[in-house]
Amino acid sequence: MTETDTSLGYEQARDELIEVVRKLEAGGTSLEDSLALWERGEELAQVCRHWLEGARARLDSALAAREAGGAPADGGDGGEE
């Protein structure tokens, strides 16, 4: 990943990835442009994967703490307000 990619938020990377896929599916681009789009798509997919893995780790940690008898993940008493 490049430095620019690490500063992208999940939604921004996902939206750009959708646009890259749309362009590739539409066709009509040169081989060189298609390869550049493909490479950019791979970079964006990695950014999305990074964000999703981080979110999964946070959820797993919160669930493990809750199961271990720690404070509820939301800091509340578990009841509805």
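Not measured: the values here are computed from a predicted model.

Rules behind the numbers
- Residues numbered from 1 in each chain as written.
- Predicted model: local features only at pLDDT ≥ 70, side-chain atom pairs only at ≥ 80, totals over all residues.
- Heavy atoms only, no water.
- Helix = DSSP H or I, 4+ residues; strand = E, 2+ residues; numbered from the N terminus.
- Buried < 20%, exposed > 50% of the residue type's maximum accessible area, 1.4 Å probe, protein only.
- Contact = heavy atoms within 4.5 Å.
- Areas by Shrake-Rupley, 256 points an atom, 1.4 Å probe, with all protein chains shown as cover.
- Salt bridge = Lys/Arg side-chain N within 4 Å of Asp/Glu carboxyl O.

It is worth spelling out the overall build of the protein at this point. In terms of helices and strands, the protein carries three helices and zero strands. Start at the N end of the protein and walk to the C end: the helices and strands fall as α-α-α. Taken across its 81 residues, the protein has 11% of its residues classed as buried. Within the protein, contacts between residues at least 6 apart in sequence are counted, and of these 69% link residues at least 24 apart. Of the roughly 6300 Å² of accessible surface on the protein, 52% is carried by carbon and sulfur atoms.

Next up on the list: the pattern of salt bridges. Under the counting rule described, the total for this entry stands at five salt bridges. Between Arg22 and Glu19 there is a salt bridge; the shortest N-O distance is 2.5 Å. Taken together, the residues span about one helical turn, with Arg22 and Glu19 both in helix 2 (residues 10-26) at a distance of three residues. Relative accessible area serves as the criterion here: at 31%, Glu19 is assigned to the partly exposed category. Salt bridges here are not isolated pairs; linked through shared partners, they connect Glu16, Arg40 and Glu43.

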